[in-house]
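# Structure assessment
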Amino acid sequence: MPQVFIKTYGCQMNERDSEAVAAQLAARGYTLAPDETSADVVLLNTCSVRDLAEQKALGKMSAIAGVARKQGRHPVLGFLGCMAQSRGEELVQSGARLVVGTQKFHRVGEHLDSLLHGRETHIVDTAEEAGSQAAIREHLPGPGGQRPVTAFVSIMQGCNQHCTFCIVPATRGLERSRTIPDIVAEVRELVDRGVREITLLGQIVTSFGKRDYPVKDGRSAFVQLIEAVHEVEGLQRLRFTSPHPKGYGADLIEAFGRLPKLVEHAHLPVQSGSNRILKEMHRGYTRERFLSLIEQLRQVQPGIAITTDIIVGFPGETEEDFEQTVSLCREVEFDQAYAFKYSQRRDTPAASMPGQLPESVIEERHARLLATINELASRKYAELVGSTVEILVEGPSRRNAARFEGRTRTNRIVIFEGDERHRGELLKIQVERAGAFTLYGIPVLTGIDDEPTPALTALSHS
Ligand code: 5AD
């Protein structure tokens, strides 16, 4: 049976797409290889959001091709996803035999069969396909045959927002949503297989179903979906990413206070703290509107963790604009923020705007922003030392396989001495130490009757 190695770059959507491709190939009899060294097929699922991500994938592919050539091996090399969509045929010149775009993941298996049986020498498939948003559906069993505790569910594809810096509308196409019953059925199957936490995924999840489901009792299509998924018995936690701040209407904010499975974590990508830059970015909100959303969320859910994405060095960003971003971070006190250096993307409006900044300025501002973010986040982590938090145990720690890890509802990773019997459990942990974006602690033993111990009173605030 052919061995296939799949490597993923970029966002959780891409992770999910890769999982669906892997499940599709496994069902066709392929074996999933842990690395590229002996694989017959190497697929890189790519990201185009920044140039660095594209360069990484291109570099990796040429390194793999070089090593294989020296060893006299001829694996089928392929690019999938966003960069495959935007570069298409051009990737064949660099040695790829398979190029599959973002609406064709479900065709990877049949294309590979054609290549491996010699029916084709190379295939480029980047066309649009109606209904492809519903094709990302199959899941893999957990690693090592263990049941997965958490799962991603892709609810929509594409983006209509057209932020001026962003390549995604070109690589992922216009918004297309799945149906609510189809998504709920997938969630139910996952929960039946032991999954306890679901993350709903889309480029802008909050725009889910806008054209398909009219607002009902003041509730948007996305909130209708959340409510339907929330009903699934056995599901314990519900997350979603990534939303757009404009999607946090009164109905969604209210849902955070009402639906117990909806976790206390909201990701709100702000991108900049300067109204002038937000306008140039075509974000559709102001700094004041953004701050008011955070305030409303904290009113319904005081302990809610707020995370964000920020772009540093957008064309024309002045020192003053940048300082407004830093001051916004201090005002909000983000629990975590992902800071990105602005990267010119082809055919985006921002790429031809005046005032493109030199790399050195972007680097310097990025470093200053990171220092602020880290200072704020580490303070929040340090505050948790000594408290008791509830985690959902996911499995062996990714950093240290001898330990186990889980996450709080606020999405903080907690590492503890555990074993397989803890997998999938909700566990109370006394936090002993805070590292960089990680907490370390010991399980709190509760009595046989499971009466909460005094330490647990802090739980609802964690
Ligand atoms: N340059 C830098 N960062 C970008 N992002 C999107 N496009 C660009 C770009 N051209 C960032 C945004 C987005 C995250 C996924 O990637 O912050 O929220």
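### Things to note about the pairing of strand β19 (residues 438-443)
Note: strand β17 (residues 413-416) against β19, three bridges, orientation parallel. Within the sheet, the bridge partner assigned to Ile 415 lies in β19 and is Tyr 440.

### Regarding the site of the ligand
All residues in the neighbourhood of the ligand are listed as Val 49, Arg 50, Phe 165, Gln 271, Asp 309, Ile 311, Phe 340, Lys 341, Tyr 342, Ser 343 and Arg 345. The separation between an oxygen atom of the ligand and a polar side-chain atom of Arg 50 is 3.1 Å. For the ligand, a nitrogen atom lies 3.0 Å from a polar atom in the backbone of Phe 165. Residue assignment for the shell around the ligand shows that the elements contributing at least two residues are β13 (305-312) and β14 (336-341). Among the residues making up the shell around the ligand, the classes are represented as five nonpolar, two polar and four charged.

### With respect to the sheet that holds strand β7 (residues 150-154)
Sheet strands line up and pair through hydrogen bonds in the backbone, either parallel or antiparallel. The three strands lie next to each other as β7-β10-β11, forming an open sheet whose pairing is parallel. Looking along the sheet, the strands with just one partner apiece sit at the ends: β7 and β11 (237-241). Between one strand and the next, the sheet's axes are offset by a mean angle of 25 degrees, whatever the strand orientation. With five bridges joining them, β7 and strand β10 (residues 197-201) adopt parallel strand pairing. Each bridged residue has a counterpart across the sheet, and for Phe 152 the counterpart in β10 is Thr 199. The strands touched by helix α8 (residues 221-230) within the sheet are β10 and β11, with β11 carrying the most contacts at an inclination of about 150 degrees.

### Some thoughts on helix α1 (residues 12-27)
With 16 residues, α1 extends 23 Å between its outermost C-alpha atoms, agreeing within 8% with the 22 Å of an ideal straight helix rising 1.5 Å per residue. Taken from the residues just after α1, Gly 29 is the one with a positive phi, measuring 100 degrees.

Reading the values: rules and limits
Residues numbered from 1 in each chain as written. Predicted model: local features only at pLDDT ≥ 70, side-chain atom pairs only at ≥ 80, totals over all residues. Heavy atoms only, no water. Pairing = 2+ DSSP bridges. Helix = DSSP H or I, 4+ residues; strand = E, 2+ residues; numbered from the N terminus. Near = heavy atom within 4 Å. Polar contact = N/O pair within 3.5 Å; in protein donor to acceptor, adjacent residues only side chain to side chain. Nonpolar A, V, L, I, M, F, W, Y, C, P; charged D, E, K, R; others polar. Axes fitted to C-alpha atoms, helices over the stretch in contact; angles between N-to-C directions. Contact = heavy atoms within 4.5 Å. Expected span 1.5 Å × (residues − 1).

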